[in-house]
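Below are the chains, spelled out letter by letter.
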Amino acid sequence: MKTIRTDVLIVGGGGAGFRAAIAARQANAETLLVSKGPLARCGASPMAGADLTCHGLGMRQAGFFGEPRDSEEKFFSDIVHQGCFLNDQPLAERFVRDGPQRLIETLEWGCEPYLCDERAIFTSGVGIVDAHLSEARRLGTSFLDDTAVLELIVHDGQVCGAVGLDIRSGEILRFDCHAVVLATGGWHKAYTPVTGSKELTGDGVAMAYRAGAKVANMEFVTFACNVPVWPPVWRGSIVTYAMSLMCGGTLENANRERFLDQYDPETVAIASSTEWNKSFFSFATAREIRAGRGTPHGGVYYVTGDTPWPEFEARALRSYPDWKVKGADFSELGRMLRDGEGVEVAGAAEYFEGGVLVDDRFASSVPGLFAAGECAMSLFGANRVAAATMEMLVSGAIAGTAAGEFAQSHPSSEPPEDRVRTATEAIEAPLRKPSGHGIGHLRHDLQEAASAMLGPVRCGEELEAFLRMLEDARSDRLPNLGLSTTTRSYNKEWIESLEIENLLLVLELSARAALERTESRGVHYREDHPITDNDGWLREIVMSPNRDGVHVEHRPVRVTSLRPPSGTQPYLEMVREMMCAHSDVGGHH
Amino acid sequence: MNETIRFRIRRSPADGGAGNGYQEYDVPFTRGMSVMDGLDYIYEHLDGSLAYYDHAACNQGICRRCLARIDGQTGLLCQTLVTADTTVEPIPTQDVERDLVTKRGRDRNG
Ligand SMILES: Cc1cc2nc3c(=O)[nH]c(=O)nc-3n(C[C@H](O)[C@H](O)[C@H](O)COP(=O)(O)OP(=O)(O)OC[C@H]3O[C@@H](n4cnc5c(N)ncnc54)[C@H](O)[C@@H]3O)c2cc1C
Ligand code: FES
């Protein structure tokens, strides 16, 4: 087994990982970044549109027009209202404060903006990650791609290493280190369609939890609205999501009724013109589908609505010349919109608020273990409108600095051999099972079930059924599934066997938290509890492993300057109130 | 209805590619499916040993890790539509890791 030594091990090759690597190198720590997929071409980061948000004064500092009436206080207040007061306020303050500097350096490192508005620049996710990757390289970070870190080793009360797998060769790798930054993103592959790249299987959150770390807010999942569910080649693309923000359009159910008309017009108008679109339209879409008014492939129709075709087309072509988006051709989609057929779309899992519980330095509850980006608990609370791409940079920078300093002030002992052996055996266990394939099939079933029962609209009965299904998968189906081949080289079934353990764990934690939260707030809507309960539920659900399974605690949200509301109110009233509390600053955020 | 199309896939010698090096699979046809969708069907239902670069596939034409020879032309598995029987081979100028996965573009200095 190959052993690689470093001060700081960064797990994840997206924006959070690169920004953490830069900070760890600036703190003079030897830094190795390991990515499960190709550097800067995997995870969610390069798939993003992307917006990079910052308050108007910061925009001006960075050389954009910005909104002079804006302030840190206004941006903070908007973020906390959008998060329905479940935000961790100290972290949200950091987000607001550090944004301008993160924006300025991103531009300095070579990222080009296309457009800007009052509170954001618009660029590509690829542009953001490429700029950070080249800076991380320049500062002397080491890299390993197509390699998964699969288990953390904790010894003497701190993280001291990890064990992983080179996916192409099948070689087991051992990492000895003094601090770890997890930057592994979300668990998009638990759902269908998959919007992020396919290696996002909650590995970091699952590893951290197994190592004893607390996780929080696991019930909250943001679904991007208006994502094509058909034909297969377009599934999971965000092209119609972005189009609906830029060009307008509306949604129709299977009976060709414009079902948004049944909602408060002001709510619909705000959702249409801002990034509230994700939560509100995904919620409204899920309700139509659940009421039996879905299209043949389980969506609703996205149509041009009141926007005349020439105007719609002109706006679409401005961003997507020739209806081409990167390597993909959407001219047939343009035709379907022009001819009024519409495109079958639905909400698709895009962003995971839940993750490793972190303190002000993005340290987890396990010494030496840090988390940044999407795999850390979100600072956006119950609903995100501002940019996750900025969140990954802000948190990456803080976590990287903290890990770099920790590694040098708290050298760990070497990982004990027996612990490394146990982890290695667990990774190799699937190779030794009797043959009999079907792991892909099981994952497919889980994706369908999660999308149906742990989507934007939930109810207690379904969540319980879903938890029973997960238990069945774990105790009955998984043990009987072997591999079709025991080759070590790029063995998809082997990789999926390891991933599925993590998917089962994060889905279980998410479903349990969704069941526990007997109210509706932000992106979590309970049909059987359609009330937002500010007296009972301004609390985060925090989970950690204990001897009998999952230990659940409730942590009151940390408040700095914005006092949360009290009382209870119907979900849609709360949504409307939070939307309308927005400051006088325009733009999409 | 229930049309099928035949995929002819170049495999590595140890993985069913003995003989002429190709293995054939019949896959249900859906209008608007990509070559990648066909391979996913084969992997899930017919042959879990098939290797193609998919563990970190973006499926959106962004990562370009799914480049292969499709009916003799270089293209992205995830963006090339299937319309008839299809032959899939690794890019000929690159060393093969296994089946359709090549050693292309590896990035490591660790
Ligand atoms: C399609 C799409 C569009 C989006 N658009 C926007 C947008 O316009 N604006 C916005 O603000 N946000 C957007 N988001 C959300 C935003 O992109 C993400 O929240 C953010 O990029 C997360 O960055 P990250 O670095 O934390 O994780 P990711 O970018 O997801 O990176 C995770 C990394 O961890 C690696 N990894 C995972 N498991 C392991 C393991 N076991 N071992 C080693 N490495 C591992 C992955 O390979 C990957 O390199 C979008 C998300 C999606 C899916
Ligand atoms: S899978 Fe990324 S380009 Fe095809």
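Residues numbered from 1 in each chain as written. Chains lettered and ligands numbered in written order. Predicted model: local features only at pLDDT ≥ 70, side-chain atom pairs only at ≥ 80, totals over all residues. Heavy atoms only, no water.

### Structural notes on empty space enclosed by the protein
All names here are of chain A. Applying the stated rule across the entire model yields four cavities of 30 Å³ or more. Here the largest cavity is characterised by a volume of approximately 90 Å³. Each residue belonging to the lining of the largest cavity can be placed in one class, and the counts come to four nonpolar, one polar and four charged. Every residue along the wall of the second largest cavity is listed here: Val-221, Phe-223, Lys-278, Ser-279, Ser-282, Phe-283, Pro-456, Gly-522, Val-523, Tyr-525 and Tyr-571. It is helix H9 (residues 277-290) that contributes the most residues to the lining of the second largest cavity, four residues altogether. Its residues assigned to classes, the lining of the second largest cavity comprises seven nonpolar, three polar and one charged. Split by domain, the lining of the second largest cavity shows at least three residues from each of two domains, domain 1 (222-350) and domain 2 (421-533). (1 Å grid on protein atoms, 1.4 Å probe; cavity = no way out; pocket = protein on both sides within 12 Å on 5 of 7 lines; lining within 4 Å. Points joined across faces, edges and corners; volume = space filled by probe spheres on them. Nonpolar A, V, L, I, M, F, W, Y, C, P; charged D, E, K, R; others polar. Helix = DSSP H or I, 4+ residues; strand = E, 2+ residues; numbered from the N terminus. Domains from an automatic or database assignment.)

### Regarding the site of ligand 1
Residues and elements named next belong to chain A. Within the structure, ligand 1 sits among 41 residues, and Ser-45, Asp-51, Glu-199, Glu-374 and Ala-388 are positioned closest to it. Taking Glu-350, its side chain carries an N or O atom lying 3.5 Å from a nitrogen atom of ligand 1. For ligand 1, whose unbound accessible area comes to 1,000 Å², protein coverage reaches 98%. The set of elements that each furnish at least two residues to the shell around ligand 1 consists of helix H1 (15-26), strand S8 (147-155), strand S18 (343-352) and helix H12 (388-409). Looking at the shell around ligand 1 residue by residue, the class counts come to 17 nonpolar, 17 polar and seven charged. (Near = heavy atom within 4 Å. Polar contact = N/O pair within 3.5 Å; in protein donor to acceptor, adjacent residues only side chain to side chain. Areas by Shrake-Rupley, 256 points an atom, 1.4 Å probe, with all protein chains shown as cover.)

### Comments concerning the domain arrangement of chain A
All names here are of chain A. Under the domain assignment used here, chain A contains domain 1 (222-350) and domain 2 (421-533). Averaged C-alpha coordinates put domain 1 and domain 2 at centres separated by 29 Å. Taken residue by residue, the interface counts eight residues in domain 1 and 10 residues in domain 2. Between domain 1 and domain 2, roughly 770 Å² of surface is buried when both sides are summed, and carbon and sulfur atoms account for 65% of that area. On the domain 1 side of the interface with domain 2, the three residues burying the most area are Phe-223, Phe-283 and Arg-290, jointly 64% of the side's total. For the pair domain 1 and domain 2, the number of links is two salt bridges. A salt bridge links Arg-290 to Glu-527; the shortest N-O distance between them is 2.9 Å. Put simply, domain 1 and domain 2 have two residue pairs in polar contact (both at pLDDT 80 or more) between them. Every element with two or more residues in the side of domain 1 that touches domain 2 is listed here: strand S13 (221-228) and H9. (Contact = heavy atoms within 4.5 Å. Buried area = accessible area lost by both parts, 1.4 Å probe. Salt bridge = Lys/Arg side-chain N within 4 Å of Asp/Glu carboxyl O.)

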